[in-house]
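Reading the structure
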Amino acid sequence: MLPVIALVGRPNVGKSTLFNRLSKTRNALVAEHAGLTRDRQYAEAKWQGRRYILIDTGGISGEEVGIDAKMAEQSWLAIDEADLVLLLLDSRDGLTAADQMLADGLRKRGKRCLLVANKIDSVNPDIARAEFSALSLGEVLPISAAHGRGIAALLEIALAGF
Ligand code: GDP
Ligand code: MG
């Protein structure tokens, strides 16, 4: 069974940008193959010969109503399916209440999780590290999903546990 990694975070932190960068083949059959729920965005990805399944989620802000609430619910279901969660954070915005809420939810579920500080192309990575380490969910990995910075270091750590 391939490891399943979910990209989680509030809207606009860069989940889909990272998903697109990491997933070369988007395979509609991935979900079926791995016994996962079909109605989510999955891709089979590969890094240095190691294959894994990536899930993109719609985003959770903690203040959803209507269709957004459904999306948030779907995101939590994706989290339950995952072996590892990458909690994406926006280094430009800094730490928000929604990030805190998500971190608490992940902690409660006992999910293995990495903190990923995105958009460090416009922020000092050390400042992002210091800011987000307050979430106390482990190491903060600074990346730029848009520019491809920090991706190799992230994958090295993410896949090391499998
Ligand atoms: P999602 O809602 O979490 O899936 O976020 P998206 O991937 O759709 O990205 C939201 C916005 O952030 C878009 O305008 C992206 O171009 C931008 N973005 C994503 N990653 C980066 C990054 O590494 N650096 C910068 N500066 N912008 C980014
Ligand atoms: Mg998205």
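Below is a summary of the structure that appears in this document. Every chain is numbered on its own, with residues counted from 1 as its sequence reads. Labels follow written order: the first chain is A, the first ligand is 1, and so on. Predicted model: local features are reported for residues with pLDDT of at least 70 only, side-chain atom pairs are reported and counted for 80 or more only, and whole-chain, interface and lining totals are derived from all residues.

Regarding the overall build of the protein chain
A helix here means a DSSP run of H or I that spans at least four residues, while a strand means a run of E at least two residues long, and both kinds are numbered starting from the N terminus. Scanning the protein chain from terminus to terminus reveals six helices and six strands. Listed by position from the N terminus, the elements making up the protein chain come as β-α-α-β-β-α-β-α-β-α-β-α. Note that the radius of gyration is over C-alpha atoms, with the globule rule given as 2.2 Å times the number of residues to the power 0.38. Over its C-alpha trace the protein chain gives a radius of gyration of 15 Å, about what one expects of a compact globule, namely 15 Å for 162 residues. Principal-axis analysis of the C-alpha atoms gives the protein chain an extent of 40 × 40 × 25 Å. For the protein chain, buried positions account for 37% of its 162 residues. Residue pairs are scored as contacts if the distance between their C-beta atoms, which are placed from the backbone, is within 7 Å. Sequence-distant contacts in the protein chain: of pairs separated by 6 or more residues, those separated by 24 or more amount to 67%. Three exposure classes are used. Buried residues have 20 or more other C-beta atoms within 10 Å of their own C-beta, exposed residues have 12 or fewer, and partly exposed residues fall in between, all C-beta atoms being placed from the backbone.

With respect to the site of ligand 1
A molecule or strand has a residue near it when that residue's C-beta atom, placed from backbone coordinates, lies within 6 Å of it. Every one of the 17 residues lining ligand 1 counts as a neighbour, but G14, K15, S16, T17 and A146 are closest to it. The leading source of residues in the shell around ligand 1 is helix α1 (residues 15–22), at three residues. Gly is put with the polar residues, along with every residue not named as nonpolar or charged; the nonpolar set is Ala, Val, Leu, Ile, Met, Phe, Trp, Tyr, Cys and Pro, and the charged set is Asp, Glu, Lys and Arg. Tallied by class, residues from the shell around ligand 1 come to four nonpolar, ten polar and three charged.

Here we look at the sheet that holds strand β2 (residues 41–47)
DSSP-based pairing: two strands are paired if at least 2 bridges between them are found. If you walk across this open sheet you meet the six strands as β2-β3-β1-β4-β5-β6, and the pairing is mixed. The open sheet has two edge strands, β2 and β6 (140–142), and neither has a second partner. Adjacent strand axes in the sheet meet at a mean angle of 30 degrees when their direction is disregarded. Note: strand β1 (residues 4–8) against strand β3 (residues 50–56), four bridges, orientation parallel. Paired with A6 across the strands is I55, a residue of β3. Helix axes are fitted to C-alpha atoms over the stretch in contact, other axes to C-alpha atoms as well, and angles between N-to-C directions run from 0 to 180 degrees.

Things to note about the nonpolar core
One nonpolar core equals one set of buried Ala, Val, Leu, Ile, Met, Phe, Trp, Tyr and Cys residues connected by C-beta atoms within 7 Å. Judged by nonpolar contacts, the single largest core of 43 residues is most densely connected at A6, L54, L87, L115, V116 and A117. The contact partners of A6, leaving out residues within four places of it in the chain, are I55, T57, A78, I79, A82 and V85.

Some points on the environment of L7
Along the polypeptide, L7 turns up in strand β1. When the 27 C-beta atoms within 10 Å are taken as the criterion, L7 is described as buried. On a C-alpha basis, the gap between L7 and D56 in space is 5.3 Å, while along the polypeptide they are 49 residues apart. Those residues in contact with L7 that lie beyond four places of it in its chain are K15, L18, F19, L54, I55, D56, T57, L86 and L88.

Quick word on unusual backbone geometry
Phi at Q48 takes a positive value of approximately 50 degrees, unusual for a residue other than glycine. Note that Q48 resides in the loop between β2 and β3.

Quick look at the pairing of β1
The buried fraction of β1 amounts to five of the five residues, a majority that puts the element mostly inside the structure. Burial along β1 is two-sided: the residues V4, A6 and V8 and I5 and L7 are all buried. Strand direction decides the pairing type here: β1 and strand β4 (residues 84–90), joined by four bridges, are parallel. Along β4, the bridge assignment pairs I5 with L84.

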